Amino acid sequence: MTEKEDATNKPEKEPLDDEALEKLAVEELLREAVQGAARAEIVGPSGWIKAPQQKTNKRFLVNTLRNANHQLRKTDLKEKIKMEQNDVNKLINDIFGNNEANWKPSDKIPLITKEIEQLKVDLKTYFNNTDFDIPAILEESTQLCKESNLLVEDIKKCAQEIEQQTMAEIVRSIENRDQLTKELQQINFAMNIVYDVVQCGKYVKDFEDGRTAQSFTRAIEAVYDLLQYLELPAEGFGELEVYTNTKNNAQLIWDNLIHDLYTEWTHMVSWNVEAKPRKTVVTITLNIEDSIVAVDILNALDKSKKLPEKVQEFSQFLLNDVLVPIIHHECTLCEQTTRLMTITIMPKPNYKPPYQTVIGNLRLLFQYLLIKLHVKFKNDTNIMQMVGHNISSEFSAILERDCLIDTIPNNINELQNYGRITSEIEDFQRFLVILKFFREDHSILKYIRNIDVLFANKSTQYFLETARSIMLKDLSITMSIGVESISDKKVSTKESEEESEALNILNETIPKSLFYFPRCMISKTAQELLDLVYVMMEQAVQCSDVVCKKLYNTTRLVFELYDAVVPYHHENYLQTIPQYVALFHNNCMYIAHNLLTFGDKWATLMEGRELDYPISFVDLVQKMRDLGYKHLTIHMQQQRKQILDNIRSSDLNCIVVKDVLSDNAEAAVRQCLRQLHLLKNVWIGVFPNNVFTRLMATLVDMFVEELIHRVCTVEDISMEMATQLTEMYTIVVQKAPHLFQSPKDIEQHVKSWIKLQELIFVLGGSLKDIENHWKDGTGPLAIHFRTEEIRSLIKALFQNTQMRANLLSKIK
């Protein structure tokens, strides 16, 4: 009996515990390790490397056992064999001993064999004691394997049967299916063609029924649906002759129907615009009545999608030829009959009808349109709604921009009463909403949301236009302004000592003339312009901050406009008429004088309001003064040039080559005096006294200097010429003082005046007289003439004598 049979005959096995099982495993591992070590000992260099020392062999075995123990822990996790309970290190130490220095594997083999045998015994004991019937499990597994083999055989038979019989039947079925599919496609192809033919016949019948019933709507619907259906024909139908004939006939019928509908629309809605020399006559004829025929025509046009086109055409005519002219021009509306209205448009240059007239005319027009265009069709839609949809936005924009915005006033008083106008506009808007020309949410009063901005713009435009019209007026219409003299009288006021001291310092440091404008003449337009600016200021302080800031900037713009407009518009007068130059100069000075304090006045009125901009006009003061200086300087240069040209065109310009002067020399002097006298007549009383005196003194001084220069540069003067020069210059001395308000002013303001008198004395005097006036460099001649000038005069007037030589020797 073998061990196996002996084991199976045992009535009952004793199960091995975990510890025994672990020991058995360790024994087996040790056995394998020892066998491996023995092979290493035998093989040597051709196999493993032979260990040179026993200590190394021990380490090798220890590592081998540890690895085996680690693998054993992974082998049967289900049985939870805890190898950590076996102390492998202790087992190895017991076999090999730590005290042995040298040992051989052959010495330890018996010990390892013994240990392995013990482990086998323990393993058998464990298997004998286990609860599992291993033979029964093996028998059951064998039975299952046989059954599995039988199932595999059955599956193979089924697969063979499917391949031989079923697949053949499937192939035959597929062939039958393909044949049936082809036959079905042919049937469907023919059926689709027949269906399209039937549908086309149905639409043609519907058209015939509609035409018989005299219904445009039914006829147009049938033809429209037929054309739409023919756009996507079934496959093959489009290649048939019946398709081509049907489509051509349908298109021809469609064109005829559209032509008939257009004719009916023209009969219902027509207009005419006739342009005449001074007017344009527009006639509107509306023959639309709330009848079945009219509704049928409208529905037919709508179904054919032609109604929006015709309504758009009528809407644009209504907007461009009727509504816009009513807003811009004078118009007369007359309802000739219930069907005919005539609008007569009479354009006028620079004319805009008032808003009351515009709204009145528009009411008449829309009332007439309402009566005729209220016919409802297609879900209560009417022509008026469609017209409103097309042009209401554009119409309201034009009405607001070109009419309603003009109703905004340009002054604060009218703005406060603007509610009455807005009420009328709101009433007109409600009227258009009831007519359904406007939608419920449409408003023509949107501009009122920005009423402050619009009012500011309107006021700005008004004030700028007014200012410009003032600037274009004649400058020669004058008025007197200013004070003749400044009073020294003090106004007694109760004030503290500090205030009194401050006022005294102010009086001592700032001249009183700073706050006064001298008496002179200005153009009335300058005062009108300032009055307009004061009105702007008074209106600005009553308005909101937006309007106030806009008007402040506009006020500054008025003065900048003055700089650009007045010199350009009055250019010819400023170049030729001295009075215009004087008045323009005074106007600029007067405006600049007011600008000095204008900002302070404005700021005082605005006290208590928070402003984000400074109010000042001081920067414009010098600009305005420079404008007056510029044109006055240009005119003074023209006067100077004219005087010099008169002198240089006479014999005074060629004294050197002549012994006697002709009459043109005296005529030139007299012409210059007349010119200065004319300037006096037009300037005196216009300029302030001090300005007039300085201007006249400048021209006279230039004139006198030129006369003196003509004589002092001559090397030889004959006695006859000296006498002529004396007489001519004496005329100047006699008449020039009368060019001033006081004859004494010429001595004070004309620097060369005494020099001219001394020159006349030299021309008519002797050498002795000249010596007396020289007085060794202390006399009048020495004061007003340079040494070179007096020596040159003596040489030109007197012959070369001892007496002349003695005098010349004294003048050094």
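None of these values were measured; they are calculated from a predicted model. (Residues numbered from 1 in each chain as written. Predicted model: local features only at pLDDT ≥ 70, side-chain atom pairs only at ≥ 80, totals over all residues. Heavy atoms only, no water.)

**Let's talk about the overall build of the protein chain**
Using the following cut-off: Helix and strand definitions follow DSSP, with helices as H or I runs of at least four residues and strands as E runs of at least two, each counted in order from the N terminus. Categorising residues by exposure relies on relative accessible area from a 1.4 Å probe, with only protein chains included: less than 20% of the type maximum marks a residue as buried, more than 50% marks it as exposed, and the intermediate range marks it as partly exposed. Contact between two residues is taken to exist if any of their heavy atoms lie within 4.5 Å; hydrogens are not considered. Computed with the Shrake-Rupley method and a 1.4 Å probe, the accessible areas treat only the protein chains shown as cover for residues.
Check the secondary structure of the protein chain and you find 30 helices and eight strands. Each of the 812 residues in the protein chain was classed as buried or not, and the buried ones make up 40%. A separation threshold of at least 6 residues defines the contact pool for the protein chain, and within that pool the share at least 24 residues apart is 76%. Split by element, the accessible area of the protein chain, about 47,300 Å² in all, is 52% carbon and sulfur.

**Digging into the pattern of salt bridges**
Note the threshold: For this document, the term salt bridge refers to a Lys or Arg side-chain nitrogen within 4 Å of an Asp or Glu carboxyl oxygen.
One pass over the structure, following the stated rule, counts 15 salt bridges. As a salt-bridge pair, E117 and K120 come within 4.0 Å of each other at their nearest N and O atoms. Taken together, the positions of E117 and K120, both in helix α5 (residues 105-128) and three residues apart, correspond to about one turn of that helix. According to the relative accessible area criterion, E117 is partly exposed, its value standing at 41%. Across the salt bridge formed by D427 and R430, the nearest N and O atoms sit 3.7 Å from each other. Linking D427 with R430, this pair stays in helix α14 (residues 419-434), spanning three residues, or about one helical turn. Each of R363, D427 and R430 takes part in a single network of salt bridges with overlapping partners.

**Looking at the packing of helix α11 (residues 355-373) against helix α12 (residues 383-402)**
For any two helices packed against each other, one specifies the inter-axial angle together with the distance between the axes. Using the following cut-off: Only the stretch in contact is used when a helix axis is fitted, and all axes are lines through C-alpha atoms; the angle between N-to-C directions ranges over 0 to 180 degrees. Every angle not falling under 35 degrees, over 145, or within 65 to 115 is termed oblique; those three ranges are roughly parallel, roughly antiparallel and roughly perpendicular. For a crossing to be left-handed, the near helix must be turned anticlockwise from the far one by less than a right angle; the clockwise case is right-handed.
It is at 12 Å that the axes of α11 and α12 come closest, and there the two elements cross at 170 degrees. Considering their axes alone, α11 and α12 lie roughly antiparallel with respect to each other. Crossing angle aside, the handedness with which α11 passes α12 is right-handed. Counted together, V358, L362, F366, L369, L370 and L373 of α11 and I383, M384, F395 and L399 of α12 form the full contact between these two elements.

**Structural notes on a negative patch on the surface**
Threshold: Patch building starts from residues that exceed 30% relative accessible area and form no salt bridge, then joins like charges within 9 Å and nonpolar side chains (Val, Leu, Ile, Met, Phe, Trp, Tyr) within 5 Å. Counted as positive: Lys and Arg. Counted as negative: Asp and Glu, with His and the chain ends omitted from the count. To locate a charge, take atom NZ for lysine, CZ for arginine, CG for aspartate or CD for glutamate.
Judged by side-chain charge, D659, E715, D716 and E720 come together as a negatively charged surface patch. Take D716: its relative accessible area is 54%, and that puts it in the exposed class.

**Brief notes about the packing of aromatic side chains**
Within a pair of aromatic rings, the relevant descriptors are the distance that separates the centres and the angle that separates the planes. Going by this rule: Classification of ring pairs uses Phe, Tyr and Trp, with its six-membered ring standing for Trp, and accepts pairs whose centres are within 6.5 Å; under 30 degrees between planes counts as stacked, over 60 as edge-to-face, and the remaining range as tilted.
All chains considered together, the criterion is met by 22 aromatic pairs. Relative to F438, the ring of F437 lies with its centre 5.5 Å away and its plane at 35 degrees, an arrangement referred to as tilted. Comparing F437 with F438 shows no difference in burial state: the two are buried. Here Y552 and W602 contribute two aromatic rings whose centre-to-centre distance is 5.7 Å and whose plane-to-plane angle is 85 degrees, an arrangement assigned as edge-to-face. Residue Y552 is found in helix α18 (residues 545-569), and its partner W602 is found in helix α20 (residues 578-605); the two are separated by 50 residues along the sequence. Both residues of the pair, Y552 and W602, belong to the buried class. Taken together through their ring pairs, the aromatic side chains of Y534, Y552, F559, F598, W602, Y613 and F617 make up a single cluster.

**Details of a nonpolar patch on the surface**
A cluster of nonpolar side chains, namely I162, M167, I170 and I174, defines an oily patch on the protein surface of about 340 Å² accessible area. Among the structural elements, I170 can be located in helix α6 (residues 134-212).

**So, the sheet that holds strand β4 (residues 340-346)**
Just so we agree on the cut-off: Being paired, for any two strands, means DSSP has found at least two bridges between them.
As summarised here, the arrangement of the four strands in space is β1-β2-β4-β3, forming an open sheet in which the pairing is antiparallel. The sheet is open, and its two borders are formed by β1 (269-275) and β3 (330-335), each paired with just one other strand. Shown here is a sheet whose adjacent strand axes are inclined to one another by a mean of 15 degrees, direction ignored. Two elements, strand β2 (residues 280-286) and β4, share six bridges in a ladder whose sense is antiparallel. Residue V281 lies in a different strand from β4, and its bridge partner there is T344. Along the sheet, helix α10 (residues 307-328) makes contact with β1, β2, β3 and β4, crossing β2 at roughly 140 degrees. In the packing of α11 onto the sheet, the strands contacted are β2, β3 and β4, and the crossing angle to β2 comes to about 25 degrees.

**Points about the packing of α20 against helix α22 (residues 663-683)**
To be explicit about the condition: Three residue categories are used. Nonpolar comprises Ala, Val, Leu, Ile, Met, Phe, Trp, Tyr, Cys and Pro, charged comprises Asp, Glu, Lys and Arg, and polar comprises the others, including Gly.
Where α20 meets α22, the axes come as close as 9 Å, and the angle between the chain directions of the two elements is 45 degrees. Relative to α22, α20 is oriented oblique. As for how α20 packs across α22, the hand of that crossing is right-handed. Mapping the contact onto sequence places P578, Q579 and A582 in α20 and L679, V682 and W683 in α22. The residue inventory of the contact of α20 with α22, partitioned by class, reads five nonpolar, one polar and no charged.

**Digging into the environment of S523**
Along the chain, S523 turns up in strand β8 (residues 520-523). A relative accessible area of 0% places S523 in the buried class. Placed 45 residues apart in sequence, S523 and T478 show a C-alpha to C-alpha distance of 4.3 Å. For S523, the residues in contact, after removing those within four places along its chain, are L475, I477, T478, L583 and N587.

**Re the environment of K658**
Tracing the backbone shows K658 in the loop between α21 (619-648) and α22. With relative accessibility at 29%, the residue K658 sits in the partly exposed group. Once you skip the residues sitting within four places of it in the chain, K658 turns out to touch D651 and M721.

**Side note on the pairing of β3**
Pairing of β3 with β4 involves six bridges; the strand directions are antiparallel. When the sheet's bridge partners are listed, T332 is paired in β4 with T344. From the end of β3 to the start of β4, which pair antiparallel, there are four residues.

**A short note on the confidence of the model for the protein chain**
Put simply, the test is: pLDDT is a residue-level measure of predictor confidence that goes from 0 to 100.
Per-residue pLDDT for the protein chain has a mean of 78; in total, 75% of the residues score no lower than 70. Per-element mean pLDDT across the protein chain ranges from 41 in helix α1 (residues 3-9) up to 94 in β8. Confidence drops under a pLDDT of 50 for residues 36-62, and excluding neighbours within four residues, the segment shows 29 contacts in the predicted structure. Low pLDDT, under 50, characterises residues 67-85; the predicted model gives this stretch 16 contacts beyond four residues in sequence or across chains.

**Notes on the nonpolar core**
Operational definition: Only buried residues count toward a nonpolar core. Its members are Ala, Val, Leu, Ile, Met, Phe, Trp, Tyr and Cys residues joined through side-chain atoms within 4.5 Å.
Of all hydrophobic cores here, the largest spans 123 residues; its most connected members are F366 and F395. Among the elements that line this core, the one with the most residues is α10, at eleven residues. F395 has contacts with L319, L323, I327, L362, F366, L432, F437 and F438, leaving out every residue within four places of it along the chain. Judged by nonpolar contacts, the second largest core, of 69 residues, contains L676, M696, L707 and I794.

**Thoughts on the side chain of D402**
To be explicit about the condition: Within 3.5 Å is the distance limit for a polar contact, defined as a pair of N or O atoms, with the added protein rule that one can donate a hydrogen and the other accept it, and that residues adjacent in sequence qualify only through two side-chain atoms.
With respect to the secondary-structure elements, D402 resides in helix α12. D402 sits in the buried class, given a relative accessible area of 14%. Looking at D402, its side chain comes within polar contact range of the side chain of R401, at 3.2 Å.

**Section: unusual backbone geometry**
Non-glycine residue N350 carries a positive phi angle of around 55 degrees. Tracing the sequence through the fold places N350 in the loop between β4 and α11. Overall, N350 belongs to the exposed group, its relative accessible area being 85%. In this model, D776 sits at a positive phi of 55 degrees, which is unusual for a non-glycine residue. Locating D776 in the fold gives a position in the loop between α27 (767-774) and α28 (780-784). Given a relative accessible area of 67%, D776 falls into the exposed group.

**Looking at α22**
Applied cut-off: Take the number of residues in a helix, subtract one, and multiply by 1.5 Å to get its expected span. By definition, the arc is the one covered by directions from the helix axis to the C-beta atoms.
Spanning 21 residues, α22 covers 30 Å between terminal C-alpha atoms, matching the ideal 30 Å at 1.5 Å per step. Of all the residues in α22, the buried ones are A665, A668, V669, C672, L673, Q675, L676, L679, K680 and W683. What you see down the axis of α22 is that its buried residues fit within an arc of 150 degrees, all on one side. Within α22, the exposed residues directed more than 90 degrees away from the buried face are D663 and L678. Taken together, the buried residues of α22 touch α20, α21, α23 (689-712) and α24 (719-735).

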